[in-house]
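Below are the chains, spelled out letter by letter.
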Number of protein chains: 2
Amino acid sequence: MSVAKFFDYVEAHQSDFIDRLRKAVEIPSVSSEAARRPDVVRMSEFLVSELETLGASVETRDVGMQKMHDGTTLKLPPVVLATYGNDPAKKTVLVYGHYDVQPALKEDGWNTDPFTLVEDEEGRLLGRGSTDDKGPILGWINVIEAHKSLGLELPVNLKMCFEGMEESGSEGLDDLILLEAKKYFADVDVVCISDNYWLGTTKPCLTYGLRGVSYFHLSIKGPGRDLHSGVFGGTVHEPMTDLFAVMSNLVAPNGKILIPGIYDQVAPLTEEEERTYDNLAFQMDELHSAVGSKVNIFDSERDILQHRWRYPSLSIHGVEGAFYNAGDKTVVPAKVIGKFSIRSVPDMEPEKITELVKKHIESEFAKLNSKNVLNIECSHAGKPWFATPNHWNYVAAAKAVEKVFNVKPDMTREGGSIPVTLSFQDALNKNVLLLPMGRGDDGAHSINEKLDRSNYIQGIKLLGTYLHEIAEIKAEEQ
Amino acid sequence: MSVAKFFDYVEAHQSDFIDRLRKAVEIPSVSSEAARRPDVVRMSEFLVSELETLGASVETRDVGMQKMHDGTTLKLPPVVLATYGNDPAKKTVLVYGHYDVQPALKEDGWNTDPFTLVEDEEGRLLGRGSTDDKGPILGWINVIEAHKSLGLELPVNLKMCFEGMEESGSEGLDDLILLEAKKYFADVDVVCISDNYWLGTTKPCLTYGLRGVSYFHLSIKGPGRDLHSGVFGGTVHEPMTDLFAVMSNLVAPNGKILIPGIYDQVAPLTEEEERTYDNLAFQMDELHSAVGSKVNIFDSERDILQHRWRYPSLSIHGVEGAFYNAGDKTVVPAKVIGKFSIRSVPDMEPEKITELVKKHIESEFAKLNSKNVLNIECSHAGKPWFATPNHWNYVAAAKAVEKVFNVKPDMTREGGSIPVTLSFQDALNKNVLLLPMGRGDDGAHSINEKLDRSNYIQGIKLLGTYLHEIAEIKAEEQ
Ligand SMILES: [Zn+2]
Ligand SMILES: [Zn+2]
Ligand SMILES: [Zn+2]
Ligand SMILES: [Zn+2]
């Protein structure tokens, strides 16, 4: 087919597509707030209605109940499964997105009402969920609409999986993916997720790797109750003293992890991989702007990105059980829990990480000769994700980027985790591609979240073209 | 006079005295809760009424307004000033107490309603404020009543200063003390404060020293906002990493302070002082029971008490600005404030402590080569207090203890601070004695606070006898 016709349609219908996004942003589908749960469900109904109007075959799946902190339960929002096209001669592409959003209040510092889509003079579409992840979800729907209106067939069978709990741990989704791996998702050839961002603000990218994360709770308990430092200070082993002694041996101020053996597991940097960092669209200014100050450890963009993407890091998040308010309190906390996590990369294995962490901490604690009691637990372990970036799924996406943007995409990884990526890859055993629509400065979880009009419109073209390029892949390229 | 007559009266009127304490406990004079302020005022009125009935001359002093956290103001409860006797031939004793109490809720774990005085089968008078500090205040009033009923003159002029904000920082009191030092308090010869406790549960004590406290806020800021550890971990200087590195160099797990120069200021332990630790009524079991576990650093009672009373200690209390809840959060906090304090002893000076702390921390931080910004502030500094324990004020009290309990009192110090002690000593330049009524296990700030019936009754005898012994002191002993 002529992509030009499709592009023309998208250009001509910008206002319609933005109206669709406006309607979606107006539904405050905040998954983390119980009171908003009906809005999350309403958002799923909006998607079902849009998809059915376009002729997709849609089902909603009940994924059970959520246990709340207060002991009550709340029905989880449904997972929307939709299929558009069912031709055995075509490839089948599974796309994932989430229709829930982060919380947002005008008082948090938004310049505009977060649940009203506003376009500013620079063409930024401001609103909660605009870029994370309603824009991308509607991108796929817009692609279907354009093809239907033009009387064109989609070049692939499109399967859609849209969840409403991503911002709250994707509760219920993994079970559904496993349940449907050999059923609803049985004929899927490749997976495409549009739920991340360009590295910077100017150049599209394809993302093929994410770091994993292992989260640890290091507890030290001693006294049977909190004590007064006047009465007991100097006479008992204080858990906070021990905690600081042990946890100061986890990571150096230059970011180097001090746990013996950790770096032995890290895949060496090959010359080929080193070259992928040569021309990435990333400037130190962008880091400074994102961080809000100039506390970068490294002076080169290359080092920054390598330490974000392909080396592990260790961060200390806080202490549970100690004094944390403003002001002065002279408490000797009886039991404290230090929280830290390690971002992991290939070929680190969670079990091995936990083993090395425990061994190191137990050995450091033993040196203290303290009568307090130490315990160390890994509370969460997610593996790093790494896809083969020369798989035809990526080749098709790269061609699509060139057709829409006239530029080769950056090949990027990310420092954080998107657990669903691994869930799909492991359950379906198919190549997964992260194909972002928004820019690195969209502020997905911040105030004044936005999606640039051009990213939305070019993004619709990109998603559509990607499907065409998938269809164009010859059998010998697969 | 015959102390026997006074003793007999006290024995015979136990029920009356306990009824007076019952009425006082029933007024929930919690100074830290704005909603209870009228009860605090009501408690002052109760004291005024009791004192006036006995013929004391009473005034209440307005000490101004309290600024609340929410920006509102609240009238401070009055300081009750009372005088009983005004004979220039007699010595004048100033006694201090506080009529406000700690908060208490049955739900906190009390076995009985905290604001109803209940005597259990072991003769414990349970109720909030029973021992801290309503029992001792009423002790003085009971002494006056006994003398008045017996037709006996008090052997000294008694001045009383009862405040209603002690549990909330004694707001307004220091100004009043300074204001009245040369006026209301001008003719005071010695000061007696009954607001602490026996070392253990069996033997009375006189207390002649308290540690001071210097509280520090160590802040480290780096990023302009909280960051996600996935995106930024490994690439920026994290304030928490720096904080742990610096604060792990404050105190060793064996309680030894690691700040160079700190111990140079500590008065050496003399042989004479060493001997005062020979026969103190204190067993390791009591420490274990108070702490709720066996995490004592030292194995001898002597070492424990010396490190509680006459050596400095350093405790780490917590971290402001970091993650502190249960669960996992992958935040890199942008600015964190480590809180720690140093308990100080003679001859440590707050200014010198702060100087040494700053020097040490700045030097440790410099070693880190971090781009983050450090700041260290002393938020509060209270000097240690040390009285001359062979002053006639103590001699009189020791004789009183022997007459009531047939035992020489332990001479003790305490690890905590009672700021009003220093305020009186500095403003009036008179000897101050701490003369406790309750036992070490009374649970002053805990659930099930109690004052043993025998401590209350013997305590009344003790306070009265102390006044008589003060009067007996010969000019040449002074
Ligand atoms: Zn998202
Ligand atoms: Zn998100
Ligand atoms: Zn008290
Ligand atoms: Zn108290």
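Anything mentioned here points back to the structure above.
Since the model is a prediction, treat every value here as computed from it, not as a measurement.

Trainee: Requested: an account of the overall build of chain A, with residues and values cited.
Mentor: Secondary structure summary: chain A contains 14 helices and 20 strands in total. Computed over C-alpha atoms, the radius of gyration of chain A comes to 24 Å, within 12% of the 23 Å expected from 2.2 N^0.38 for 478 residues, which places it in the range of a compact globule. For chain A, with 478 residues in total, the buried portion stands at 61%. Intrachain contacts of chain A at a sequence separation of at least 6 include 79% that bridge at least 24 residues. Approximately 18500 Å² of chain A is accessible, and the part contributed by carbon and sulfur atoms is 49%. Side chains of chain A give 50 positive and 71 negative charges; the mean places of these two sets differ by 3 Å.

Trainee: Now, about the pattern of salt bridges: what can you tell me, with residues and values included?
Mentor: This model, assessed by the stated rule, comprises 64 salt bridges over all chains. The closest approach of N and O atoms between Asp62(B) and Lys75(B), which form a salt bridge, is 3.4 Å. With Asp62(B) in the loop between strand S1 (57–61) and strand S2 (65–67) and Lys75(B) in strand S3 (residues 73–75), this pair connects stretches of sequence that are 13 residues apart. Owing to a relative accessible area of 52%, Asp62(B) belongs among the exposed residues under this scheme. Assessed through its relative accessible area of 47%, Lys75(B) is described here as partly exposed. A cluster of three or more residues bridged by salt bridges with shared partners is formed by Arg439(A), Asp441(A), Asp442(A), Lys450(A) and Asp452(A).

Trainee: Report on the environment of Gly459(B), specifying residues and quantitative values.
Mentor: Residue and element names in this part refer to chain B. Looking at the element boundaries, Gly459 is found in helix H14 (residues 453–472). When the C-alpha positions of Gly459 and Val336 are compared, they lie 48 Å apart, and in sequence the two are 123 residues distant. Gly459 has contacts with Met437 and Ser454, leaving out every residue within four places of it along the chain.

Trainee: Break down the coordination of the zinc ion (ligand 3) for me, with residues and values.
Mentor: Put simply, the ideal angle at a metal is 109.5 degrees for four donors in tetrahedral geometry and 90 or 180 degrees for six donors in octahedral geometry. Residue and element names in this part refer to chain B. Coordination of the zinc ion (ligand 3) by the protein is provided by His98 (NE2), Asp132 (OD), Asp195 (OD) and Asp195 (OD), with metal-donor distances spanning 2.0 to 2.7 Å. Seen from the zinc ion (ligand 3), its 4 donor atoms lie at angles of 52 to 147 degrees, and the figure they make is irregular. All donor residues of the zinc ion (ligand 3) come from one chain, and their arrangement in sequence is H-x33-D-x62-D. Taken as a pair, the zinc ion (ligand 3) and the zinc ion (ligand 4) lie 3.2 Å from each other and share Asp132 as a ligand. A residue pair is termed long-range when its members are at least 10 positions apart, and His98 in strand S5 (residues 92–98) and Asp132 in helix H4 (residues 130–150) qualify at 34 residues. With respect to burial, His98 and Asp132 carry one shared label: buried.

Trainee: Any chance you could break down the coordination of the zinc ion (ligand 4) for me, citing the residues and the numbers?
Mentor: All names here are of chain B. Protein-derived coordination of the zinc ion (ligand 4) comes from Asp132 (OD), Glu167 (OE), Glu167 (OE) and His445 (NE2), at a distance range of 2.0 to 2.7 Å. Counting residues between consecutive donors of the zinc ion (ligand 4) along the chain gives the motif D-x34-E-x277-H. Owing to a relative accessible area of 16%, Glu167 belongs among the buried residues under this scheme. For His445, a relative accessible area of 47% puts it in the partly exposed group.

Trainee: Before we move on, could you go through the state of the cysteines and cite the residues and values that matter?
Mentor: Tallying each qualifying case throughout the model produces 0 disulfides over all chains. Free of any disulfide, Cys161(B) has its nearest neighbouring cysteine sulfur in Cys192(B), separated by 13 Å.

Trainee: How would you sum up the interface of chain A and chain B? Please name residues and give values.
Mentor: How big an interface is tends to be stated in terms of the accessible area lost upon association of its parts. Counting from both sides, the interface comprises 76 residues of chain A and, opposite them, 76 residues of chain B. Applying the counting criterion to the chain A and chain B interface returns 2 salt bridges. Between Lys371(B) and Asp299(A) there is a salt bridge whose closest N-O contact spans 3.8 Å. The interface formed by chain A and chain B contains 45 residue pairs in polar contact (both at pLDDT 80 or more). Among the elements that make up the side of chain A that touches chain B, the one with the highest residue count is strand S13 (residues 313–320) of chain A (8 residues). For the side of chain A that touches chain B, the per-class residue count stands at 32 nonpolar, 31 polar and 13 charged.

Trainee: Tell me about helix H5 (residues 173–180) of chain B, and name the residues and values.
Mentor: Residue and element names in this part refer to chain B. For H5, every residue scored as buried is listed here: Leu173, Leu176, Ile177 and Glu180. Buried positions in H5, seen along its axis, are confined to an arc of 100 degrees and lie on one side of it. Turned more than 90 degrees away from the buried face of H5 sit Asp175, Leu178 and Leu179, all of them exposed. Where H5 is buried, its residues touch S1, strand S4 (79–84), S5, strand S8 (157–163) and helix H13 (419–428).

Trainee: Any chance you could break down unusual backbone geometry for me, citing the residues and the numbers?
Mentor: That bond from Asp132(A) to Asp133(A) is cis: its omega, 10 degrees, falls within 30 degrees of zero. Considering the arrangement of structural elements, one finds Asp133(A) in helix H4 (residues 130–150). At Asn369(B), a position not held by glycine, the phi torsion is positive, near 55 degrees.

Trainee: Describe the environment of Glu163(B), naming the residues involved and giving the relevant values.
Mentor: All names here are of chain B. In this fold, Glu163 is placed in strand S8. Overall, the relative accessible area of 1% leaves Glu163 in the buried class. Separated by 119 residues in the primary sequence, Glu163 and Ser44 have C-alpha atoms spaced 8.3 Å apart.

Trainee: Kindly report on the side chain of His237(B), identifying the contributing residues and their values.
Mentor: Relative to the assigned elements, His237(B) resides in the loop between helix H6 (229–232) and helix H7 (239–247). Overall, the relative accessible area of 4% leaves His237(B) in the buried class. When near neighbours in sequence (up to four residues on either side) are disregarded, His237(B) contacts Pro253(A), Val295(A), Asn296(A), Ile297(A), Pro223(B), Asn369(B), Ser370(B), Lys371(B) and Asn372(B).

Cut-off values and rules
- Residues numbered from 1 in each chain as written.
- Chains lettered and ligands numbered in written order.
- Predicted model: local features only at pLDDT ≥ 70, side-chain atom pairs only at ≥ 80, totals over all residues.
- Heavy atoms only, no water.
- Helix = DSSP H or I, 4+ residues; strand = E, 2+ residues; numbered from the N terminus.
- Rg over C-alpha atoms; globule rule 2.2 N^0.38 Å.
- Buried < 20%, exposed > 50% of the residue type's maximum accessible area, 1.4 Å probe, protein only.
- Contact = heavy atoms within 4.5 Å.
- Areas by Shrake-Rupley, 256 points an atom, 1.4 Å probe, with all protein chains shown as cover.
- Lys, Arg positive; Asp, Glu negative; His and termini not counted.
- Charge placed at Lys NZ, Arg CZ, Asp CG, Glu CD.
- Salt bridge = Lys/Arg side-chain N within 4 Å of Asp/Glu carboxyl O.
- Donors = N, O, S within 2.8 Å, 3.2 Å for Na, K, Ca; no water.
- Tetrahedral: all angles 85-135°; square planar, octahedral: opposite > 155°, others 65-115°.
- Disulfide = S-S within 2.5 Å.
- Polar contact = N/O pair within 3.5 Å; in protein donor to acceptor, adjacent residues only side chain to side chain.
- Nonpolar A, V, L, I, M, F, W, Y, C, P; charged D, E, K, R; others polar.
- Arc of directions from axis to C-beta.

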